[in-house]
Amino acid sequence: MSARNGPKGHRSSADDNGRLRASTKQSEQDFYELIESLPMVAVQGYDRKRRVIYWNDASRHLYGYTREEAEGQLLEDLIIPDHMREGVIDAHQDWLERNISIPPEEIELKHKDGHLVPVYSSHVMIKQDTGDCEMFCIDVSLQEQKKANDKLQWMAKFDDLTQLPNRRMMEVELSARLMEAERRQSGEIAVVFIDLDNFKLINDTLGHHYGDELLLAVANGLKGEIRCCDQLSRFGGDEFVLLMFDCDGPESIHEVLRRLSSMLERGFVLNGACYQVTASFGVSLYPNDGTTVPELMGNADAAMYQAKESGKNSICFYTSDINDRLLHYQKITALLRNALVAGTLQLYFQPQIDLKNGRMRSCEALLRCFDENSRTVPPDIFIPVAEKSGLINRIGDWVIDAACKQLTAWKDTALGDLRIDINLSGKQLTNQHLASHILQKLHHHDLRPSQLGVELTENEVIEGDEVQIGQLERLKNAGVHISIDDFGTGYSSLLYLRKLPVCSLKIDRSFLLHIPAHRDRPFRLNVTACSGRS
């Protein structure tokens, strides 16, 4: 029994070994097919002498060598950069002799044509039955990630539209140049703010697409006119900053900026039409106007705004009084904002007397603002700041509401029939919903439109467009009294006034000031307020 079974059992063990070898061979085949099917994973096999014994197709795509070119070649001769050569050889020997594995890492290996390829590389050591070792390198390409990272790095330093350095890179460059100038204790640096005048009109009339085209054309034009040693950057919107190094004084800076201004005025062709551009330039100089980036930037910006206030299309160098005006503006702006929040604005009421009967027909609401010491801030100081800062609309809304509340409080008193006249700024008149807002406030407080009057200066009315004049007409038609204040300081044409929805005039004192000096010239003035538009 056992004799017969012995050979049979032996044949069974041989069959099992055969099946095992076949299975192992099939597993190896499956493994190679798997790594061949990974298009983004480059796998290379090396013997103990670092000669290529396996090279998948992804390795060909990544490093440029075909399988036939790579097989038998040394690892260090194929894809290892020269500066890594000795380190790779030593690391491989340490793994073979001391079992010190090579950690995975991000590295740059060499392509066939010489450029570097970023990869995440890991390594596996496989020991054969013969005692030999085979090392397999698995490299995952990081090229797309590197491109994306490079793009992010570029976007962090440059403006996408104009390709110019952006604000961050400009400030880094300026900081480095200031440190260098401080070490040398020589050299003048100019920081120039360049702000295009009325650029919003281009965007509003042509659209933002052509606005971007114009910005790009302006950037290219400016780059073509500056010195190669200077740096132009896009600060944001329609603002540019020019850094000028090793300057020869204000005269040479002014000459360069006049050249830039002339280039802009020549115009740019967009959509078949030529558009002229002007700009306001503000200049600060190191070391006289500042020694730090914030100081120089802030002072150049202040000088640029001074250039705009001087009529635009001009060049302004920073001076200390510009900073004083800026600080004053910031102080008054903060005062007005706090007054709106704290409710410390007040209305004073100046009576307007009918000289025929001595009765008070109306009163003018005079806005008063106080500083932190309860001292009055004159209107000719805070009103211009309110208009420039954009706070005038909020302040104007407060005045309308406060006047309506006062009229409500006077109901059923001796002042119940009094009209309150409030002053409107020309800036408020640009709000196309102003008339609706005033009439809604009157309705909300259950007041008649005839209980409220509005006053504007002569120049503000004359400079108004048809839409703005239409708002005054709507108010007058509803019963609101319309007055022109300071008549005689502007155009002063009674013929022109026939076109305006005016109920009464307040003649400026300066208009009558010199009449007594001309006694030989009789002067008579008859002003009649009537309900018609004549």
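What you see is a predicted model, and the numbers here were worked out from it, not measured in a lab.

Asker: Any details on the sheet that holds strand β7 (residues 231-236)? Residues and values, ideally.
Answerer: Ordered by their spatial adjacency, five strands build an open sheet running β7-β8-β6-β11-β12, and the pairing between neighbours is mixed. Looking at strand neighbours, the two that pair on one side only are β7 and β12 (315-317), the edges of this open sheet. The average undirected angle you get between the axes of adjacent strands in this sheet is 20°. Bridge count for strand β6 (residues 189-196) against strand β11 (residues 279-286) is eight bridges, and the pairing is antiparallel. Paired with Phe-193 across the two strands is Gly-282, which belongs to β11. Relative to β11, helix α11 (residues 293-309) is tilted by about 145°, and along the sheet it contacts β6, β7, β8 (239-244), β11 and β12.

Asker: Can you break down the side chain of Asp-47 residue by residue, with the values?
Answerer: Structurally, Asp-47 can be placed in the loop between β1 (41-46) and β2 (52-55). Looking at Asp-47, the relative accessible area reads 16%, which means it is buried. Separated by 2.9 Å, the side chain of Asp-47 and the backbone nitrogen of Arg-51 make a polar contact. Look past the residues within four positions of Asp-47 in its chain and what remains in contact with it is Ile-53, His-92 and Cys-133.

Asker: Report on the environment of Phe-349, specifying residues and quantitative values.
Answerer: For Phe-349, the location among the structural elements is in strand β13 (residues 346-353). We classify Phe-349 as partly exposed; its relative accessible area is 26%. Separated by 17 residues in the primary sequence, Phe-349 and Leu-366 place their C-alpha atoms 6.0 Å from one another. The contact partners of Phe-349, leaving out residues within four places of it in the chain, are Cys-363, Glu-364, Ala-365, Gln-406, Trp-410 and Ile-420.

Procedures and definitions
Residues numbered from 1 in each chain as written. Predicted model: local features only at pLDDT ≥ 70, side-chain atom pairs only at ≥ 80, totals over all residues. Heavy atoms only, no water. Pairing = 2+ DSSP bridges. Helix = DSSP H or I, 4+ residues; strand = E, 2+ residues; numbered from the N terminus. Axes fitted to C-alpha atoms, helices over the stretch in contact; angles between N-to-C directions. Contact = heavy atoms within 4.5 Å. Buried < 20%, exposed > 50% of the residue type's maximum accessible area, 1.4 Å probe, protein only. Polar contact = N/O pair within 3.5 Å; in protein donor to acceptor, adjacent residues only side chain to side chain.

All we've got here are geometric facts, nothing functional implied.
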